[in-house]
Every structure is written in structure tokens, then in C-alpha cells.
Amino acid sequence: MCRCTLRTMSEDDLVSRAQWGNLENQNWAILVRLSTEEDDDEPAGEPSESGAQRRGPMTGRDIKSTKEQERDGRDYIARHGGTCVHIYYEPDTSAWHKKRVRLPDGRVVYRVVRPVFEGALEDLKSGRRPDGQSLDGLIVYDIDRLTRDKRHLEDAIDVVERHRRPIIDINGSLDLLTENGRATARVVVAMSNKQSADTARRLRRKHRALEREGIPTGGARPFGWLDDKRTLHLTESKLLREAALGILGSAPVRAYPVRYSRKPFLAEPP
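Residues numbered from 1 in each chain as written. Predicted model: local features only at pLDDT ≥ 70, side-chain atom pairs only at ≥ 80, totals over all residues. Heavy atoms only, no water.

Caption draft 1: Representation of helix α4 (residues 115-126) within the structure. Over its 12 residues, α4 extends 17 Å from the first C-alpha to the last, a length consistent with the 16 Å expected when each residue adds 1.5 Å. Those residues of α4 that sit buried are Phe117, Ala120, Leu121, Asp123 and Leu124. The buried residues of α4 occupy an angular sector of 160 degrees when projected down its axis, which confines them to one face. Positive phi shows up at Gly127, right after α4, with a value of about 75 degrees. (Helix = DSSP H or I, 4+ residues; strand = E, 2+ residues; numbered from the N terminus. Expected span 1.5 Å × (residues − 1). Buried < 20%, exposed > 50% of the residue type's maximum accessible area, 1.4 Å probe, protein only. Arc of directions from axis to C-beta.)

Next up, the structure:
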């Protein structure tokens, strides 16, 4: 049976049309996500712990700009005859790290919390974007932009299988449109989840080693240190020493934050 005949037979099936790259007269949305997946600071090309050579940037995890993801998504949709009607901007989130969540029935569970992603899936199920207009499919840069969580992957698969709304990617690493593709996606997500866990474990070990040496870690600049978190801030470190000696001498702890917040020299450069 020729390709043209197959397209004619499935012209009303959005999933089948997406398999052929036929997005004509369809309304598509793009999900763009920046990741907070922690980097292990090992430059590409250097050996990993296992001795294997690390590859350079290969996936959407290395795409840091939402503009790049949006641009490529718009280009893909336009090339295949569709119309981009909405962008789901997901703020810096982890696609694998679980948080403690209390369910309506009172049970406490651990879930990957991504309200924008979950809202996009709900919109796809209903076939309506947030403004109430029609929505036919969702596109991401690659599988890494979609999820690293098995539960969220199954939710996405459910949208494709049961609601017949396609979810595709630009990079060719994601195929939720076929049984074989969905099986592969499950394996890829499981491996990506393990990779994220391994990276977090290495970082925790590195941070513990730095903290044992008295070197601060984390995101924000701690009081008493410069932005490099290695060099003492001359003014602030002096205040810390003064406060420590005062507290050891039985001075009230609360007195120092109040006292120092009123001193104009806190804003001075080191």
C-alpha cells in the first residue's frame, strides 16, 4: 500500500498523521524547559568515574536557552504544515527530583512536581489550550526536555494512546507514537533517571568534602564570603568573628542581626 493511501486512510487520526510528519491544518504547542539537573562539573571528553569517555553535548539537556527550543519548535511545526498556537514555558525545574507531597486523603508521597508539564497534558487531553481554542499536539526539543520521571512518562503515553493526541520531539530521541517507540522511551527515561541520581550523588560527596575544609557550597553567596565562595569578605567576616565572640561571651544571639542590619557599611565593597 502506497504512502499516499495510508495518509488518506488516517487523515483524521492525529497520531497517525504525526507519524508521517503531516501536521497540516493542525494547532500545536511547544513545551520549553530549563533544567536544574545538577552538573557534575566534569568537562566533556574527560573520563568519568567508570573510566569511560564522556561525550560532548548530545541532548536537550545541553540546550540552555528557551529561545533556542522555541525557535526550533516553531521551525519544525511550520516545515510540516502546522501552526504554533501556544508556548508552555516551564521555569527551572528538575525532571526527576522528587518532593514531599501530601495527597487529599492525607497520605504523604514523593512526586516530581511540574505543574506546567501537567497542565500541558491536561490541555492535550481536552484538545484545548488555555485560551479555549483547539490544540492538536505537543512538541519538545527531545525526550530529556519532556521528562526523566517514569510516572510522568506514563502520563504522557496515556495522552497519546487513550486521547490520540501526539507528543513528538525535534531531535528524534522520542517516539510515543508506536509500541516499540514507547518501550524504548521507558528504557531511556529509566537510564536518564539513574544518570541524574548518580550526578546528584557525586555532587553531594563533593560538597561534603568542601564543607569539611570550611569551603561553603550551594547557590547563594553566604554572608562573610565573596561571590567565588572562596575569598573572605573583609567587612562581613570581621562582623561574623565579632558576633561569634560576643555570643560565646553570653551576648543575646538576636542582638547581632538587628545591630548589623542598621550599619551602613554592610553595603560597602570588601
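Caption draft 2: Geometry of the pattern of salt bridges. Taken as a whole and assessed by the stated rule, the structure comprises 13 salt bridges. The network of salt bridges with common partners includes Glu161, Glu179 and Arg182. (Salt bridge = Lys/Arg side-chain N within 4 Å of Asp/Glu carboxyl O.)

Caption draft 3: A look at unusual backbone geometry. With a phi close to 60 degrees, Asn25 is a non-glycine residue in the positive phi region. Inspection of the secondary structure puts Asn25 in the loop between α2 (14-19) and β1 (27-35). Residues other than glycine seldom take positive phi values, yet Arg164 does so here, at roughly 55 degrees. Among the secondary structure elements, Arg164 is positioned in the loop between α6 (150-163) and β6 (167-169).

Caption draft 4: Quick look at the pairing of strand β5 (residues 137-140). Both faces of β5 are covered, namely the face carrying Gly137 and Ile139 and the face carrying Leu138 and Val140. As paired elements, β5 and β6 share 3 bridges and run parallel to each other. Paired with Val140 across the strands is Asp169, a residue of β6. (Pairing = 2+ DSSP bridges.)

Caption draft 5: Examining the packing of aromatic side chains more closely. Per the counting criterion, the structure on display carries 0 aromatic pairs. Between the NZ or CZ atom of Arg114 and the centre of the ring of Phe117, over which it lies, the distance is 4.4 Å. (Phe/Tyr/Trp six-rings, centres within 6.5 Å; stacked < 30°, edge-to-face > 60°. Lys NZ or Arg CZ within 6 Å of the ring centre and 35° of its normal.)

Caption draft 6: Seen up close, the environment of Asp105. Its place among the elements puts Asp105 in the loop between β3 (99-102) and β4 (108-111). What makes Asp105 exposed here is its relative accessible area of 51%. Polar contacts involving the side chain of Asp105 include one to the side chain of Arg107, which spans 2.8 Å. (Polar contact = N/O pair within 3.5 Å; in protein donor to acceptor, adjacent residues only side chain to side chain.)

Caption draft 7: View of the environment of Leu121. Position of Leu121 relative to the elements: it lies in helix α4. The exposure class assigned to Leu121 is buried, which follows from its relative accessible area of 4%. Remark: the alpha-carbon pair of Leu121 and Asp158, spanning 37 residues in sequence, is separated by 9.5 Å. Beyond its immediate sequence surroundings of up to four residues, Leu121 is in contact with Asp155, Ala156, Val159 and Ile167. (Contact = heavy atoms within 4.5 Å.)

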